[in-house]
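A structural walkthrough
The chain contents come next:
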Amino acid sequence: MQTASHVLDRVLVLEMVRVTEAAAIAASTLTGRGDEKAADAAAVEAMREALNQLYLDGTVVIGEGERDEAPMLFIGEKVGAAQGSGPKIDIALDPLEGTTICAKAGPNALAVLAVAEEGGLLNAPDVYMDKIAVGPGYPHGVIDLAKSPTENIRALAAAKGVEPKDIIACVLDRPRHEALIAELRAIGCGVMLIGDGDVAGVIATTDPDTTIDIYMGSGGAPEGVLACAALRCVGGQFQGRLLFRNDDERARARKWGIEDLDKIYSLDDLAKGDCIFAATGVTDGSLLAGVKRMRGKMTTESVVMRASSGTVRWVKGEHRL
């Protein structure tokens with residue numbers, strides 16, 4: 001079991017839920033309104049305000065973008081009410097994971113947050129990452145990003161004691177994944193396509209009720225770090241490799257300290273040590289129910305996990321209007 005951090009206090013576990021609840025509630029006021037930027041801005045402002053009420057000396061290592069791209073919760077921004085005196089904590093966040101989903105009132109929009117001791121989360125550049133992930137209970141090394149999708153599906157099926165046709169892979173529905181989807185279906189593997197929200201897609205591999213066995217394909221590198229923080233808490237395997245479309249993206253990676261541009265990252269490379277992961281549903285999804293409004297109150301559903309204890313808490317909140 002991972003040793004408990006001397007920096008992450010148990011009280012922070014529930015404080016993180018309050019932060020994601022605030023962001024989810026703010027974003028939910030714009031669900032289905034077709035305005036992605038407004039929904040994201042509302043979530044960002046609410047999350048920032050909630051973080052700044054906490055006794056911590058926090059640094060955003062994964063956020064809304066670099067300082068010149070994001071007015072709030074940018075990479076490097078300091079948050080917390082105890083700058084210079086409180087516990088030093090690295091923060092990875094996505095105040096609204098699935099902005100398009102929220103704007104269209106689709107499933108699986110989340111407010112997401114992960115915290116670790118200083119240096120515990122990879123400062124991943126905002127580029128694409130090729131990802132592969134499975135939940136707990138499989139032999140170490142059952143997945144390998146250096147192998148083909150076919151080889152990975154066959155290895156996973158053998159470890160599970162089934163045929164490839166009994167495996168379900170979750171893949172983002174993007175034109176760039178056409179070849180991947182065709183290869184998976186050619187060996188009989190089922191493919192569950194999602195429109196957005198690959199943090200939820202990765203976490204879904206840990207929940208048998210989703211029927212998802214494996215996550216495959218490329219998505220944002222920052223979201224990969226957030227997903228790894230969750231897997232560190234509940235178990236599972238993950239590998240990721242940064243993908244670069246041009247020299248500007250390579251330069252951005254080097255700016256953030258990435259030296260080996262071809263490295264295949266493991267779970268512990270992206271999120272190491274003790275960490276806390278929290279998420280609150282904005283819209284209904286496979287992981288969490290969304291924010292519900294009714295006469296005089298709102299309800300939220302959240303999950304919060306801690307790596308050192310392996311504890312997973314499901315939190316239902318009722319908020320008076």
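What this report covers is the structure whose coordinates are included nearby. (Residues numbered from 1 in each chain as written. Predicted model: local features only at pLDDT ≥ 70, side-chain atom pairs only at ≥ 80, totals over all residues. Heavy atoms only, no water.)

**Regarding the packing of helix α1 (residues 10-28) against helix α2 (residues 36-51)**
- With their axes 7 Å apart at the nearest point, α1 and α2 run at an angle of 155° to one another. Between α1 and α2, the interaxial angle falls into the category roughly antiparallel. Judged by the sense of rotation from one axis to the other, the crossing of α1 with α2 is right-handed. Along its contact with α1, which presents V19, T20, A22, A23, A26 and A27, the element α2 presents A39, A42, A43, A46, M47, A50 and L51.
- Split by residue class, the contact of α1 with α2 holds twelve nonpolar, one polar and no charged. (Axes fitted to C-alpha atoms, helices over the stretch in contact; angles between N-to-C directions. Helix = DSSP H or I, 4+ residues; strand = E, 2+ residues; numbered from the N terminus. Parallel < 35°, antiparallel > 145°, perpendicular 65-115°, else oblique. Left-handed = near helix turned anticlockwise from the far one by under 90°. Contact = heavy atoms within 4.5 Å. Nonpolar A, V, L, I, M, F, W, Y, C, P; charged D, E, K, R; others polar.)

**With respect to unusual backbone geometry**
- A positive phi angle is found at N108, which is not glycine, with a value near 80°.
- Inspection of the secondary structure puts N108 in the loop between α3 (99-104) and β4 (110-117).
- Of note, the phi angle at T211 is positive, near 65°, even though the residue is not glycine.
- In this structure, T211 sits in the loop between α6 (198-204) and β8 (214-220).
- On the accessibility criterion, T211 (46% relative accessible area) is partly exposed. (Buried < 20%, exposed > 50% of the residue type's maximum accessible area, 1.4 Å probe, protein only.)

**Examining the pairing of strand β14 (residues 311-320)**
- Direction of pairing for strand β13 (residues 297-306) relative to β14: antiparallel, over a ladder of ten bridges. Residue V303 lies in a different strand from β14, and its bridge partner there is W314.
- The hairpin turn running from β13 into β14, its antiparallel successor, is four residues long, and G310 in that turn takes a positive phi close to 70°. (Pairing = 2+ DSSP bridges.)

**Brief notes about helix α7 (residues 221-234)**
- Taking 1.5 Å as the rise per residue, α7 with 14 residues should run 20 Å; its terminal C-alpha atoms sit 20 Å apart, in good agreement.
- With respect to burial, α7 is a largely interior element, twelve of its 14 residues being buried.
- Taken together, the buried positions of α7 are A221, P222, G224, V225, L226, A227, C228, A229, A230, L231, R232 and C233.
- A positive backbone phi angle near 95° is found at G235, which sits one or two residues after α7. (Expected span 1.5 Å × (residues − 1).)

**Describing the side chain of D94**
- As for its placement among the helices and strands, D94 is situated in strand β3 (residues 88-97).
- K131 provides the closest opposite charge to the buried, salt-bridge-free D94, at an N-O distance of 9.4 Å.
- Among all residues touching D94, those that are not within four sequence positions of it are E64, L110, A111, V112, E223 and L226. (Lys, Arg positive; Asp, Glu negative; His and termini not counted. Salt bridge = Lys/Arg side-chain N within 4 Å of Asp/Glu carboxyl O.)

**Regarding the pattern of salt bridges**
- Applying the stated rule across the entire model yields 15 salt bridges.
- Linking D247 and R250 is a salt bridge whose minimum nitrogen-to-oxygen distance equals 3.0 Å. Separated by three residues within a single helix, D247 and R250 lie in helix α8 (residues 247-255), roughly one turn from each other.
- Salt-bridge contacts for K292 lead to D284; the nearest nitrogen and oxygen are separated by 2.5 Å.
- Judged by relative accessible area, which is 42%, D284 ranks as partly exposed.

**Quick word on the packing of helix α4 (residues 149-160) against helix α5 (residues 178-186)**
- Running from amino to carboxyl end, α4 crosses α5 at an angle of 40°, the nearest separation of the two axes being 9 Å. Between α4 and α5, the angle is such that the two are oblique. Pair α4 / α5 crosses with right-handed handedness. Mapping the contact onto sequence places P149, T150 and I153 in α4 and L180, E183 and L184 in α5.
- Of the residues contributing to the contact of α4 with α5, the split by class is four nonpolar, one polar and one charged.

**Description of the nonpolar core**
- Counting 50 residues, the largest nonpolar core has F238, L242, L270 and F277 as the members making the most contacts within it.
- Ranked by the residues each element gives to this core, the list is headed by α7, at nine residues.
- Within the second largest apolar cluster, 39 residues are counted, among which are L73, I276, A278 and V282. (Core = buried A, V, L, I, M, F, W, Y, C linked by side-chain atoms within 4.5 Å.)

**Some thoughts on the sheet that holds β8**
- With mixed pairing, six strands are arranged side by side in an open sheet as β7-β6-β8-β5-β9-β10. A strand with exactly one partner marks an edge of an open sheet, and here the two such strands are β7 (190-194) and β10 (264-266). In this sheet, adjacent strand axes meet at a mean angle of 20° when their direction is disregarded.
- As paired strands, strand β6 (residues 168-172) and β8 are joined by two bridges and run parallel to one another.

**Here we look at the side chain of T280**
- Secondary-structure assignment places T280 in strand β11 (residues 275-281).
- You can call T280 buried: its relative accessible area is 0%.
- One polar contact links the side chain of T280 to the main-chain amide nitrogen of E21, over a distance of 3.4 Å.
- At 2.6 Å, the side chain of T280 forms a polar contact with the side chain of S302. (Polar contact = N/O pair within 3.5 Å; in protein donor to acceptor, adjacent residues only side chain to side chain.)

Fair warning: the whole summary comes from geometry, so function is off the table for now.
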